[in-house]
Amino acid sequence: MRLLIAVIGLAIAATTAQAQNWPDKPIHIIVAFTPGSATDVIGRAVSNELSAKLGQPVIIENKPGAGGTIAAGLVAKAAPDGYTLLLNSSGHTVSPWIYEKLTYDTAKDLVGVSLIARQPNIMVVSPDKGWKSVSDLVKQAKEQPGKISFASAGVGSATHMNGEKFKAAAKIDVLHVPYKGTPEALNDVMGGRVEYFFSPVVAALSLVRDKRLVALANGSPTRSSVLPDVPTTEEAGYKGSGYDYWAGLLAPAGTPPAVIGKINKALAEVLAMPEVKERLAKIGADPAPNTPQEFDALVVRELKENGELIKAAGIKAQ
């Protein structure tokens with residue numbers, strides 16, 4: 001028993017010493033999407049300041065593909081020492097339901113460090129439709145079941161999930177049309193070939209301001225800081241329709257809590273900086289730091305909710 005206690009004591013001491021000395025080499029953040037994507041831009045908006053806070057270089061590496069699951073798989077198998085982290089989006093809790101045979105367990109192999117930012121989606125339509133409110137769109141959809149379509153930037157994307165949540169909440173029969181990306185979806189909404197799209201706010205903002213598109217509602221649970229006068233779909237009366245798009249930092253399971261705590265504290269300080277807030281505001285993102293425990297609880301909750309939604313909608317990866 002004395003030997004066992006001594007071994008445990010040495011292990012605790014070693015872990016404590018590791019956390020106290022951490023970091024002593026560069027930190028790699030693996031981004032689950034391409035350079036220039038919303039998630040990538042959010043990561044680069046904080047990386048320099050995070051490096052200064054932690055006293056070591058913070059290196060951004062992009063490993064896109066398969067809805068973010070390639071990057072997630074790499075980080076899940078990395079050493080749990082805080083030197084390899086994952087920057088992923090809310091698609092993290094969608095992927096397990098639409099991709100078969102993942103190389104990792106979303107709920108067990110990765111743990112939350114902190115959310116970084118939330119970025120709303122905006123329901124946009126062509127001005128030619130003449131719709132002035134979400135209710136106008138819903139009314140026509142109910143009068144013409146199966147005739148109205150909504151675009152997405154791909155199966156399982158945040159824009160798709162936002163559309164499916166709204167469809168279920170509004171109880172309408174509409175057709176989903178997936179595109180290769182946001183620009184293609186926006187072009188076809190403007191051209192009237194598809195009726196509406198829950199676009200990332202940064203992509204649609206200039207088109208709304210130029211009156212080439214009409215923003216009927218904010219698809220997220222809260223209003224956008226860059227379009228504060230646009231109500232949410234929930235405020236329009238469609239309870240449960242809001243989809244929360246986020247970008248957050250995760251670590252391999254087993255990473256010492258003290259190390260995660262150091263990163264969390266540094267990131268919260270970075271996100272409070274006026275220059276970082278301004279940087280994020282330019283892409284329509286709002287800082288959203290939270291605790292590792294809150295982030296883990298969010299992942300568990302969204303895994304359940306998205307699983308139910310995907311099963312009900314019959315969504316499969318393409």
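1. Observations concerning the side chain of aspartate 188
Among the structural elements, aspartate 188 can be located in helix 7 (residues 182-190). On the basis of relative accessible area, aspartate 188 is assigned to the buried category, the value being 17%.

2. Overview of the packing of helix 2 (residues 38-54) against helix 10 (residues 274-281)
At a closest axis distance of 9 Å, the pairing of helix 2 and helix 10 adopts a crossing angle of 165 degrees. On the basis of the axis angle, helix 2 is roughly antiparallel to helix 10. Crossing handedness for the pair helix 2 and helix 10: right-handed. Contact residues: helix 2 offers Ile42, Ala45, Val46 and Glu49, while helix 10 offers Glu275, Val276, Arg279 and Leu280. Of the residues belonging to the contact of helix 2 with helix 10, the class tally is 5 nonpolar, no polar and 3 charged.

3. Quick look at the pairing of strand 5 (residues 121-125)
In terms of burial, strand 5 is a largely internal element, 5 of the 5 residues being buried. The alternating pattern of strand 5 places Asn121, Met123 and Val125 and Ile122 and Val124 on opposite faces, both of which are buried. For strand 5 and strand 8 (residues 196-200), the ladder comprises 5 bridges, and the chain directions are antiparallel. Each bridged residue has a counterpart across the sheet, and for methionine 123 the counterpart in strand 8 is phenylalanine 198.

4. Looking at the pattern of salt bridges
Side chains that differ in charge, positive against negative, can pair when their charged atoms come close. The full count for this structure, using the stated rule, is 10 salt bridges. Lysine 53 is the salt-bridge partner of glutamate 269, the closest N and O atoms lying 3.4 Å from each other. Taken together, the residues glutamate 269 in helix 9 (residues 257-271) and lysine 53 in helix 2 connect sequence positions 216 residues apart. Residue classification places glutamate 269 among the partly exposed residues on the basis of a relative accessible area of 32%. The class of lysine 53 is partly exposed, set by a relative accessible area of 41%. The shortest N-O distance in the salt bridge between lysine 304 and glutamate 308 comes to 2.9 Å. Taken as a pair, lysine 304 and glutamate 308 lie in helix 11 (residues 292-313) at a separation of 4 residues, close to a single helical turn. Its relative accessible area of 53% is what places lysine 304 among the exposed residues.

Here is what the cut-offs are and how they apply
- Residues numbered from 1 in each chain as written.
- Predicted model: local features only at pLDDT ≥ 70, side-chain atom pairs only at ≥ 80, totals over all residues.
- Heavy atoms only, no water.
- Helix = DSSP H or I, 4+ residues; strand = E, 2+ residues; numbered from the N terminus.
- Buried < 20%, exposed > 50% of the residue type's maximum accessible area, 1.4 Å probe, protein only.
- Axes fitted to C-alpha atoms, helices over the stretch in contact; angles between N-to-C directions.
- Parallel < 35°, antiparallel > 145°, perpendicular 65-115°, else oblique.
- Left-handed = near helix turned anticlockwise from the far one by under 90°.
- Contact = heavy atoms within 4.5 Å.
- Nonpolar A, V, L, I, M, F, W, Y, C, P; charged D, E, K, R; others polar.
- Pairing = 2+ DSSP bridges.
- Salt bridge = Lys/Arg side-chain N within 4 Å of Asp/Glu carboxyl O.

Keep in mind these numbers describe shape, not what the thing actually does.
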